[in-house]
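# Topology and contacts: notes
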Amino acid sequence: MTSKALLTLVLAACASVARPSEPADTLELTDLCDPVSTLTYHVRLQASRNKPLAFDVFWNRTDSIHYRRARIEASPVAEADGTGRNVCTYTLIRRDGADEIVETTGEGLFTYATDRNNGFSAVLNVDSSGASLACGGASPEIDIDIEFDNETPGALGISRQRKTGVISNTIISKHRKPITRSAFETEKDIAAHIAASVDRLEALWSYLDRNTEPKHAVLADEYRIATIADGAGGYDIVLLDGPWQNGTVPPLHVKGKLLRTPFIDHFDLEWIDAHGNSLTHDTSADFELDGAVLKLNFPLLKSTVRFRRQTASR
């Protein structure tokens, strides 16, 4: 090999080593642990004047093959149209095993702020009305409806290129107790337990009537429930199967608790509403008409709901 050829080879090798590679994506997650009542997750990233911004927002991530994510791409500042608007495209993706599934794609227009510190935000919101992801530069202008599992929120976070600057990354959340399942596999198991019980307050109950203030409380379904002794002088209120709507508590799970007091047939009440919130302040329950009727009292909501005893066959 000639010295000229050797020099050419060495220079080529040096150029290969010196060429900067694209930074690898970095995944930053926060585990939410407990079920979520409300959540706001706001991430704001630095936007380039000449290069597009691309990143992913993750939620309900329980492991590397179970998650939801949104792939978001925002055009650079310099590509604004004549009205100062830029384009954002998004893809909603779900993974529940081996493969990712694209659920929907879309795009929208947004405006960057006029200051030199151009940023782009994604804001994930969860409340009693549902969940959404809002995106934009100067303000959240693109609204995307998403599905969010409040009961198993998993981890939340972003994936971005390491060179992409983070302006802010904030989580504000309100958590609640997990919904617990009863010890029974079927409603027949509950009925058999009650039929063999000597506790007069263990019973099956069907909806009787209500006295509610619509602006404070709405009874979504005509509930059927069971009261099962908890071993501590109180009772679990177990929701039974039926024509349920989109409530938080599934059938055969604990909808509430009766906590004993010094008074006969009078209990303090813990109740889980349709959004998973626990109602405990000034709530109570009474067994009336020698145990034939169970009345739930919600005085702060100006509401009562009554149930009538059903016969549990052996």
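Cut-offs used in this document
- Residues numbered from 1 in each chain as written.
- Predicted model: local features only at pLDDT ≥ 70, side-chain atom pairs only at ≥ 80, totals over all residues.
- Heavy atoms only, no water.
- Helix = DSSP H or I, 4+ residues; strand = E, 2+ residues; numbered from the N terminus.
- Buried < 20%, exposed > 50% of the residue type's maximum accessible area, 1.4 Å probe, protein only.
- Contact = heavy atoms within 4.5 Å.
- Areas by Shrake-Rupley, 256 points an atom, 1.4 Å probe, with all protein chains shown as cover.
- Core = buried A, V, L, I, M, F, W, Y, C linked by side-chain atoms within 4.5 Å.
- Pairing = 2+ DSSP bridges.
- Axes fitted to C-alpha atoms, helices over the stretch in contact; angles between N-to-C directions.
- Phe/Tyr/Trp six-rings, centres within 6.5 Å; stacked < 30°, edge-to-face > 60°.

The next thing to look at is the overall build of the protein. From N to C terminus, the protein includes 2 helices and 20 strands. Burial status across the protein gives 40% buried among its 314 residues. Taking as baseline every contact in the protein between residues at least 6 positions apart, the subset at least 24 positions apart corresponds to 58%. Taken as a whole, the protein presents about 17,300 Å² of accessible surface, with 51% of it coming from carbon and sulfur.

Attention now goes to the nonpolar core. Residues V57, W59, I72, F120, L124 and L133 are the most contacted members of the largest nonpolar core, which totals 33 residues. Mapped onto this core, the elements with two or more residues apiece are β2 (36-46), β3 (53-63), β4 (66-74), β5 (86-96), β7 (119-127), β8 (130-136), β9 (142-146) and β10 (155-161). In terms of residues, this core owes the most to one element, β2, which gives 5 residues. With near-sequence residues (within four places) excluded, W59 lies in contact with Y67, R68, R69, A70, L92, L124, I146, E147, F148, P153, A155 and L156. Core analysis: the next-biggest nonpolar cluster, separate from the first, contains 23 residues, A203, L269, I272 and L294 among them.

The topology assignment puts R44 in strand β2. Overall, the relative accessible area of 16% leaves R44 in the buried class. Among all residues touching R44, those that are not within four sequence positions of it are G119, F120, S121, G136, G137, G165, V166, I167 and S168.

Turning our eyes to something else, we now look at the sheet that holds β5. Across the sheet, 6 strands lie side by side as β1-β10-β3-β4-β5-β6; this open sheet has antiparallel pairing. Each edge of the open sheet is held by one strand with a lone partner, namely β1 (25-31) and β6 (100-110). Here the average twist between neighbouring strands, direction ignored, is 15°. Pairing of β4 with β5 involves 9 bridges; the strand directions are antiparallel. Each residue of the ladder has a partner; that of R71, found in β5, is T91.

Evaluated as defined, the whole model comprises 9 aromatic pairs. Here the aromatic rings of Y235 and F267 are separated by 5.7 Å at their centres, their planes lie at 80°, and the arrangement is edge-to-face. In this pair, Y235 is assigned in strand β14 (residues 235-239) and F267 in strand β16 (residues 266-272), connecting sequence segments 32 residues apart. Take Y235: its relative accessible area is 7%, and that puts it in the buried class. Residue classification places F267 among the buried positions, given a relative accessible area of 6%. Ring geometry for F267 against F287: centres 5.8 Å apart, planes inclined by 80°, an arrangement best described as edge-to-face. Residue F267 is located in strand β16, and its partner F287 is located in strand β18 (residues 284-288); the two are separated by 20 residues in the primary sequence. What links up through ring pairs into an aromatic cluster is the set F55, F110, Y112 and F120.

Function-wise, these values are silent; they only describe arrangement.
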